[in-house]
Amino acid sequence: MALTGAPMLTSSASAATLKDGRWCNPARGYFPSGGHYGAPRGSYPHAGQDVTNSTGTAVYAAAAGTVIRRGTGVLTGRSGYGLVLSHGSGRYTYYGHLSRFRIALNARVSVGQRIGDMGATGNVTGPHLHFETHAGGLGATTNPVTYLSARGVDLGGGWSAISPGAAGTTVRAIQYLITQRGTKLVADGVYGSVSVSAVKKFQTSRGLVADGQVGPKTWPKLVYSLRQGNSGSHVRALQVMLNKHSAGLAVDGGFGSVTTSAVRAYQSANRLYVDGLAGAKTWEALVG
Ligand SMILES: [Zn+2]
């Protein structure tokens with residue numbers, strides 16, 4: 001819970017932005033009552049969206065950027081330990097009430113990198129992430145739910161929506177998964193025409209609308225339930241997604257004990273059932 005420096009309630013200035021693969025869900029959890037953007041908070045409306053989970057839940061960079069502020073009271077009216085990331089072009093994200101920082105001030109961060117832990121520092125009633133998006137300058141807050149939704153991200157959890165023209169690690173994972181499904185693709189992380197055609201072919205084969213968008217209907221049919229002993233391109237897909245979230249694995253396509261440990265660590269940090277198996281819920285979180 002935090003206040004804005006000014007009573008700003010601008011909607012996303014670029015709601016039509018492509019779902020470009022460059023943003024991801026910062027934390028898994030649920031939206032508490034009254035924790036929405038614009039909710040009444042004394043003199044000013046609530047400047048972000050609250051995402052509730054337990055203390056220690058992983059908090060990830062929602063996009064690549066630079067840590068420009070780190071500490072307490074780093075934005076006017078905000079309490080507890082907070083981080084501000086700059087993403088260029090006047091875009092910023094803020095992460096509040098953290099229990100722990102996992103990056104240094106001025107550090108460069110990649111999208112999906114773990115930057116801190118959820119907590120209950122500052123003026124709160126319980127542990128949660130207070131997450132803000134700013135577009136058009138620091139202080140120009142926008143609704144984080146709609147801002148991320150316009151970029152194919154479901155804040156708090158849920159499958160991502162990756163559209164033609166997207167780029168990034170999640171696209172690499174799609175390319176590895178499609179390769180495992182029988183159409184060999186170069187895993188270059190660019191969702192161009194060859195990859196889109198292959199996805200459309202896969203969608204048609206599964207009775208899905210062949211729109212080339214890898215979203216909540218396509219993902220569950222595209223991913224594999226994986227466990228220790230599996231090997232192949234689908235395991236590479238898993239490894240690159242774990243690495244997007246700071247696992248540091250060799251992308252060798254072999255699901256051995258090191259990958260099992262990474263899956264378990266990811267599940268634990270994201271409050272998923274910890275079994276070391278990469279099933280649908282784990283994939284949903286990883287690609288979100
Ligand atoms: Zn809040």
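Worth saying up front: this structure is predicted, and the values here are computed from it rather than measured.

**Considerations on the domain arrangement of the protein**
Next up, step 1: Domain boundaries in the protein define domain 1 (40-149) and domain 2 (169-287).
Next up, step 2: The C-alpha-based centres of domain 1 and domain 2 are spaced at 28 Å.
Next up, step 3: Counting from both sides, the interface comprises eleven residues of domain 1 and, opposite them, seven residues of domain 2.
Next up, step 4: Interface area for domain 1 against domain 2, summed over the two sides, is near 680 Å², with a carbon-plus-sulfur share of 43%.
Next up, step 5: It is Y60, V111 and G112 in domain 1 that bury the most area against domain 2; as a group they hold 48% of the surface buried on that side.
Next up, step 6: Our enumeration of links across domain 1 and domain 2 arrives at zero salt bridges.
Next up, step 7: Inspection of the domain 1/domain 2 interface yields eight residue pairs in polar contact (both at pLDDT 80 or more).
Next up, step 8: Among the residues forming the side of domain 1 that touches domain 2, the class breakdown is three nonpolar, seven polar and one charged.

**As for the sheet that holds strand β8 (residues 100-101)**
Next up, step 1: Ordered by their spatial adjacency, three strands build an open sheet running β4-β10-β8, and the pairing between neighbours is antiparallel. The open sheet is flanked by β4 (58-60) and β8, the only strands paired with a single partner.
Next up, step 2: Examined bridge by bridge, β8 and strand β10 (residues 114-117) share two bridges and lie antiparallel to one another. Bridge pairing in β10 links R100 to D117.

Thresholds, definitions, all that
Residues numbered from 1 in each chain as written. Predicted model: local features only at pLDDT ≥ 70, side-chain atom pairs only at ≥ 80, totals over all residues. Heavy atoms only, no water. Domains from an automatic or database assignment. Contact = heavy atoms within 4.5 Å. Buried area = accessible area lost by both parts, 1.4 Å probe. Salt bridge = Lys/Arg side-chain N within 4 Å of Asp/Glu carboxyl O. Polar contact = N/O pair within 3.5 Å; in protein donor to acceptor, adjacent residues only side chain to side chain. Nonpolar A, V, L, I, M, F, W, Y, C, P; charged D, E, K, R; others polar. Pairing = 2+ DSSP bridges. Helix = DSSP H or I, 4+ residues; strand = E, 2+ residues; numbered from the N terminus.

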